[in-house]
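Observations on chain architecture
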Amino acid sequence: MELQVEPGVEEFIRKEHRLLIDGEWVEAASGRTFETINPATEEHLANVAWGEAEDVDRAVRAARRAFADDSPWRRMSLSDRGRLIYRISELIEEHADEFAMLETLDNGKPFAVAKAADVALAADLFRYMAGWPTKIEGNTIPVSAVATGGEFLGMTLKEPVGVVGQIIPWNFPLLMAAWKLGPVLAAGCTVVLKPAEQTPLSALRLGELLLEAGLPDGVVNIVTGFGDAGAALAAHDDVDKVAFTGSTEVGKLIVKAAAGNLKKVTLELGGKSPNVVFKDADLEVAISGAANGIFFNHGQCCNAGSRLFVEREVYDEVVEGVAERAKNIRLGSGLDPETEMGPLISDEQFEKVLGYIEQGREAGAETYVGGGRAGSRGYFVEPTILTNTSPEMSVVREEIFGPVVVAIPFSDPEELVAEANDTRYGLAAGVFTRDISKAYRTAKRLRAGTVWINCYHVFDAALPFGGYKESGWGREMGHDVLENYLETKSVVTAI
């Protein structure tokens, strides 16, 4: 029996969803709206304000006012800023069921997964960041002043970068909003947030809670809309920094758009991550890790373990084990408590994933399991394993962003590392082995921002996350993320 949508969630979904600008919920300048779709049913879900360049400009101007030296936000003590961020984490937890339901309806993921992962991690991220405002420190630095003589005191100050434009994706809507907003608030910046057009609802509900928590007007502004709104935000000359999470292709467009005023840019982009199983691994752990690595969140993870490298002696056993798990995954509505995998996000993504599978077949790959549509309604794709692939195939080289893994045998560990690194991406990797020395040596040589050993998809607010190569610039989470939103100022005083 499916879960019932609570009356409060129903009421929120049916309301007129507006833009959050300068502490007020306002219509788009054009008065236009767009609809969101429930990907499990392909039916209309909600109507949302269609923000465009004029709305982005209004939001940026509000954020600039909120960043003024005499604004309530800039005058707020660091302790009070930390308490406010902590209150946001509490409010998310108080509304955990509501947020999980919104993610299920808007994104398609199972309710239990949304509550245990997306919502819990979002609350934890704000809780972690709440401790940072009072701990952002500069240094005192000895100054030799060889050329000038005299005695000087040198110090550095860490100051907020200013107005930040943030653009987030649809695969983890609430969590990505938290990843972006938590550190930008800890650093003392102001922000215009642009959620994905497919999944704006949890960000809008979060906006309501930000106001309830006491966030001053204009500190966080939320503009819903399409790619043109994101482009306007990235190009805006009064934005000091833009942070983007999404595809590598769009990330490159963000960089070009940001060039006008040379605003700072951080990017968390795509991946084609290798997941390596050595013959001495605990195979039950490895099989479970490989399945989780690719099928979690319907494969719609930038760090998904989409290239499975297995040492030849155990290749058949591992592939068969992952296939058994794939065949037993229960697909369905996220409101069904027995559902383990929901639909892809949209018709566009559905067609893209099936198109990649067909390209693989045409190039000679074999479908070991899955490979087609599941059911007749909703954007469901069967968990899929492709074998008999070669390095030049699109299914091996390009990010599919769906529940599709290519399984590749290897014999020589040296060749394995070279092949694993033979990608333009470098976001994540997995290594399964009982030999800790081998695990460390392999992890050190893999060109990836995160390497999991004997596990996969383990995240923590204190762990930095980001990529090498075309997987992005900068890091999310941990202490490292604060550098995205801070400037370093040197101050020299003659004594």
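This text goes with the structure placed above it.
Residues numbered from 1 in each chain as written. Predicted model: local features only at pLDDT ≥ 70, side-chain atom pairs only at ≥ 80, totals over all residues. Heavy atoms only, no water.

**As for the side chain of His-298**
Put simply, the test is: Runs of H or I in DSSP of at least four residues are treated as helices and runs of E of at least two as strands, each being numbered from the N terminus. Partly exposed residues are those whose accessible area sits between 20% and 50% of the maximum for their type, while under 20% is buried and over 50% is exposed, using a 1.4 Å probe and protein chains only. Contacts between residues were defined by any pair of non-hydrogen atoms, one from each residue, lying within 4.5 Å.
Secondary-structure assignment places His-298 in the loop between helix 11 (283-295) and strand 13 (307-311). His-298 sits in the buried class, given a relative accessible area of 2%. Not counting chain neighbours up to four residues away, the residues in contact with His-298 comprise Asn-107, Gly-108, Lys-109, Pro-110, Met-341, Gly-342, Pro-343, Leu-344, Gly-402 and Pro-403.

**Remarks on the sheet that holds strand 5 (residues 140-141)**
The line we're drawing: Strand pairing is assigned whenever DSSP identifies at least 2 bridges connecting the two strands.
Ordered by their spatial adjacency, three strands build an open sheet running 5-6-20, and the pairing between neighbours is antiparallel. At either end of the open sheet lies a strand with only one pairing partner, and these are strand 5 and strand 20 (486-494).

**As for the packing of helix 1 (residues 7-14) against helix 5 (residues 96-107)**
Working note: a packed helix pair is described by the angle between its axes plus the distance between those axes. Heads up, the condition is: Axes here mean lines fitted to C-alpha atoms, for a helix over just the part in contact, with angles spanning 0 to 180 degrees between N-to-C directions. For this classification, under 35 degrees means roughly parallel, over 145 means roughly antiparallel, 65 to 115 means roughly perpendicular, and everything else is oblique. We call a crossing left-handed when the near helix sits turned anticlockwise from the far one by less than a right angle, and right-handed when that turn is clockwise. Asp, Glu, Lys and Arg are counted as charged, while Ala, Val, Leu, Ile, Met, Phe, Trp, Tyr, Cys and Pro are counted as nonpolar; the rest, among them Gly, fall into the polar class.
Two elements in contact, helix 1 and helix 5, have axes separated by 10 Å at closest approach and are oriented at 50 degrees. On the basis of the axis angle, helix 1 is oblique to helix 5. Once helix 1 is placed against helix 5, the crossing between them reads as right-handed. Taken together, the residues of helix 5 that come into contact with helix 1 (itself represented by Val-9, Phe-12 and Ile-13) are Glu-98, Met-101, Leu-102 and Leu-105. The residue inventory of the contact of helix 1 with helix 5, partitioned by class, reads six nonpolar, no polar and one charged.

**Thoughts on unusual backbone geometry**
One non-glycine residue, Asn-388, lies in the positive phi region at around 55 degrees. Following the sequence through the fold, Asn-388 ends up in the loop between strand 15 (384-387) and helix 14 (394-397). For Asn-388, a relative accessible area of 47% translates into the label partly exposed. One non-glycine residue, Met-477, adopts positive backbone phi at about 65 degrees. With respect to the helices and strands, the residue Met-477 is situated in the loop between strand 19 (472-473) and strand 20.

**Considering helix 9 (residues 227-235)**
Listed in full, the buried residues belonging to helix 9 are Ala-229, Gly-230, Ala-232, Leu-233 and Ala-234. Those residues of helix 9 hidden inside the fold are in contact with helix 2 (53-66), strand 7 (163-167), strand 8 (190-194), strand 10 (241-245) and helix 10 (248-258).

**Topic: the sheet that holds strand 13**
Remark on secondary structure: sheet strands pair via backbone hydrogen bonds, oriented parallel or antiparallel. Strand order across the open sheet formed by seven strands is 14-15-16-13-12-17-18, with mixed pairing between neighbours. Every other strand in the sheet has two partners, leaving strand 14 (366-369) and strand 18 (450-453) as the edge strands with one partner each. Within this sheet the neighbouring strands show an average axis-to-axis angle of 25 degrees, counted without direction. Pairing of strand 13 with strand 16 (residues 404-410) involves five bridges; the strand directions are parallel.

**Describing the pattern of salt bridges**
When the charged atoms of two side chains with opposite charge come close together, those side chains can pair. Just so we agree on the cut-off: Here a salt bridge means any side-chain nitrogen of Lys or Arg lying within 4 Å of a carboxyl oxygen belonging to Asp or Glu.
Under the counting rule described, the total for this entry stands at 40 salt bridges. In this structure, the salt-bridge partner of Asp-57 is Arg-61, at a minimum N-O distance of 3.0 Å. Of the two residues, Asp-57 and Arg-61 both sit in helix 2, four residues apart, roughly one turn of that helix. Note that Lys-252 and Glu-470 form a salt bridge whose closest N and O atoms lie 3.1 Å from each other. You can see Lys-252 sitting in helix 10 and its partner Glu-470 sitting in the loop between strand 18 and strand 19, a full 218 residues away along the chain. Taking relative accessible area as the criterion, Glu-470 reaches 27% and is therefore assigned partly exposed.

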